[in-house]
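# Breakdown of the fold
Take a look at the letters that make up each chain.
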Amino acid sequence: TGGNDDGLGLFLQPHFRRFCQHVGTLADAFQATSLGRLLAVTFRGIRQVLAAQQQRGGFVSVLQCHGPGHGGFGRVEQTTRERLDKDVKWARSDAERTTLQTRVGELLAKPLTADDAIQLALYNNRGLQAAFFDLGISEAELVQAGRLPNPHFSMLRASKPENGIREFKIEQALTFNIFALITMPLAVEVEKRKFAQAQQLAVVDVARLAAETRQAYYTALAAEESVRYLRKIRQAAEAGAELARRMAQVGNFSKLRQAREQAFYADAALNLARSEQSAIAARERLARILGLPDRNAIRLPERLPDLPKTVDELPGVEQAALDQRLDLQAIRLETEALAKNLGLSKATRFINVLEVGPARVLEGARDSGYKKGYEISFELPIFDWGGSKVAKAESIYMQAVERAGESAINARSEVREAYHAYRTNYDIARHFRDEVVPLNKRISEENMLRYNGMLIGVFDLLADARTQIGSVNSYIETLRDFWIARGDLEMAMIGKPSLNASARATIAATGRADH
């Protein structure tokens, strides 16, 4: 549909250039007046803009009329596939929503892995779908910036009888906002950068949802696994408390030792209740992120994935983050758009409304004929010379520059912190796996031999069992923290991570901040 606008652009160029020449000549003739000097400066600037546009192909490229399309979502899909190895869809019709729901049902039919949970969230999270419509809004603004403003038609009709003859005064004018046409290239460049920024932010939203899903998945999985081990601890404590009660009844156990066993049982029951509540809360949070109305629709595996055999070595992690982070790229695009907007504000500092077009006037009898010419209307910068508008645009631009610098510094720090947390949590989890858990298991085996030889009592054996189960439960928590830290590191290479995720997961799993 660009043909009509191309023809209009080709039609307007020669006429508007001649118009600028005539008005510029007229303004030069009035150099002695302030208005004449202002007109001369303004239209010389207009002629320079026209010359620059002519070198770039004239107004034809600006006047291309593009209707709203798919919001540039193809770039979001491609970047998501490259960065996350996941598929993302924007459901804009009932048929597309039905297709996504079918895929969601297929994923829910089996126990979810972390990758399956992320894919399900990308398909089913309504907040993400709502965020995608920012692309449609940005694209509509880009299309609107590249369209000509509608012309204005004005008409005056007056008449009165004079000596038996009715005299008329009729004025008709059809004007176009020429200044909007002149500044259109700058406005389009600003919106293009805003549109590219919206695309980058859409990918950041996808990556952030993936990171939140990964965190919620491992938190829920670890919480349910911890519940199973805490139930074993409670069973052991309950058995010890019951045995102590019976032995105390026959006088073979002191009241103090019985009270200790009973207190441990009460504490174990309380910890289990907290853990069960945290597991429900973690599953509910996962259901919200996945966009599911029922938490019981989620099927999770029995245990967390095993710790990897090796850890990733990333010597150039800081520079890689600066080169790859999409939020930094979006900030750069925003800064460039504000720079263009600053140029637009300076170009429209004195005059931001300039309308010109053909006009005709009839005075006298109705059949006396029209006088033809053109009409010009513009703002006179008498009270407002545009200084505050330019100062505002400069302040906004400099504010964006400073924030861009802050974001770059923060990005370097965040990726260093995320990588250190990743390495540290790996070392801690490996230490539990290779040292703490095997040692407690060996101690338990030795105590079983001592119990069989009647060298220790049953209460010593129960206490040892509780210790061994507790060490396994601690390993589960450290393994959960490792997988969350790994997800934070991946997010830190794309956008801003949630670096306190491990602490929040610990509180969610135990119900206490000081666990």
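Everything below is about the structure printed above this text.
Residues numbered from 1 in each chain as written. Predicted model: local features only at pLDDT ≥ 70, side-chain atom pairs only at ≥ 80, totals over all residues. Heavy atoms only, no water.

## Overview of the nonpolar core
Membership of the largest hydrophobic core comes to 77 residues, with the highest contact counts inside it found for Leu112, Leu120, Phe132, Tyr217, Leu286, Leu290 and Ile298. With 20 residues, helix α7 (residues 178-249) is the single largest residue contributor to this core. Sequence-distant contacts of leucine 290, defined by excluding residues within four places in its chain, comprise Leu112, Ala117, Leu120, Ala121, Asn124, Asn125, Thr213 and Ile298. Membership of the second largest hydrophobic core comes to six residues, among which are Leu142, Met184, Val188 and Phe195. (Core = buried A, V, L, I, M, F, W, Y, C linked by side-chain atoms within 4.5 Å. Buried < 20%, exposed > 50% of the residue type's maximum accessible area, 1.4 Å probe, protein only. Helix = DSSP H or I, 4+ residues; strand = E, 2+ residues; numbered from the N terminus. Contact = heavy atoms within 4.5 Å.)

## Details of the environment of asparagine 341
With respect to the secondary-structure elements, asparagine 341 resides in helix α10 (residues 326-347). Exposure remark for asparagine 341: the relative accessible area of 29% places this residue in the partly exposed category. A sequence separation of 155 residues divides asparagine 341 from leucine 186, and the C-alpha atoms of the two residues are 7.5 Å apart.

## A short note on the pattern of salt bridges
Applying the stated criterion across every chain, the model contains 26 salt bridges. Put simply, lysine 89 and glutamate 77 hold a salt bridge, and the shortest N to O gap is 3.5 Å. Of this pair, lysine 89 sits in the loop between α3 (73-84) and α4 (94-108) while glutamate 77 is found in helix α3, placing the two residues twelve residues apart along the sequence. The class for lysine 89 is partly exposed, based on a relative accessible area of 27%. (Salt bridge = Lys/Arg side-chain N within 4 Å of Asp/Glu carboxyl O.)

## What about the pairing of strand β1 (residues 152-162)?
Of the pairings in the sheet, the one linking β1 to strand β2 (residues 165-177) comprises eleven bridges and is antiparallel in character. When the sheet's bridge partners are listed, leucine 156 is paired in β2 with glutamate 171. Following β1, the chain reverses through two residues before pairing antiparallel with β2; asparagine 163 in that reversal takes a positive phi of roughly 55°. (Pairing = 2+ DSSP bridges.)

## Let's talk about the side chain of threonine 79
Relative to the helices and strands, threonine 79 is located in helix α3. Exposure remark for threonine 79: the relative accessible area of 15% places this residue in the buried category. At a separation of 2.8 Å, a polar atom in the side chain of threonine 79 contacts the main-chain carbonyl oxygen of arginine 75. Each residue touching threonine 79, except ones within four places of it in the same chain, is listed here: Leu84, Val203 and Leu326. (Polar contact = N/O pair within 3.5 Å; in protein donor to acceptor, adjacent residues only side chain to side chain.)

## Quick notes on the packing of aromatic side chains
A complete count under the given rule lists ten aromatic pairs for this structure. A ring pair is formed by tryptophan 90 and phenylalanine 133, whose centres lie 5.1 Å apart and whose planes are at 85°; its orientation type is edge-to-face. With tryptophan 90 in the loop between α3 and α4 and phenylalanine 133 in helix α6 (residues 126-145), this pair connects stretches of sequence that are 43 residues apart. Owing to a relative accessible area of 6%, tryptophan 90 belongs among the buried residues under this scheme. Assessed through its relative accessible area of 38%, phenylalanine 133 is described here as partly exposed. Their ring planes at 20° and their centres at 5.7 Å tell us that tyrosine 218 and tryptophan 483 sit as a pair that is stacked. One end of the pair, tyrosine 218, is in helix α7; the other, tryptophan 483, is in helix α12 (residues 458-492), with 265 residues separating them in the sequence. For the pair tyrosine 218 and tryptophan 483, a shared accessibility class is recorded, and that class is buried. Of the aromatic side chains, those joined through ring pairs into one cluster are Tyr217, Tyr218, Tyr419, Tyr422, Tyr426, Phe482 and Trp483. Here the basic side chain of lysine 232 rests over the ring of tyrosine 229, its NZ or CZ set 4.9 Å away from the ring centre. The residue whose ring lies beneath arginine 360 is tyrosine 370, and the NZ or CZ to ring-centre distance is 4.0 Å. (Phe/Tyr/Trp six-rings, centres within 6.5 Å; stacked < 30°, edge-to-face > 60°. Lys NZ or Arg CZ within 6 Å of the ring centre and 35° of its normal.)

On their own, these measurements won't tell you what the molecule is for.
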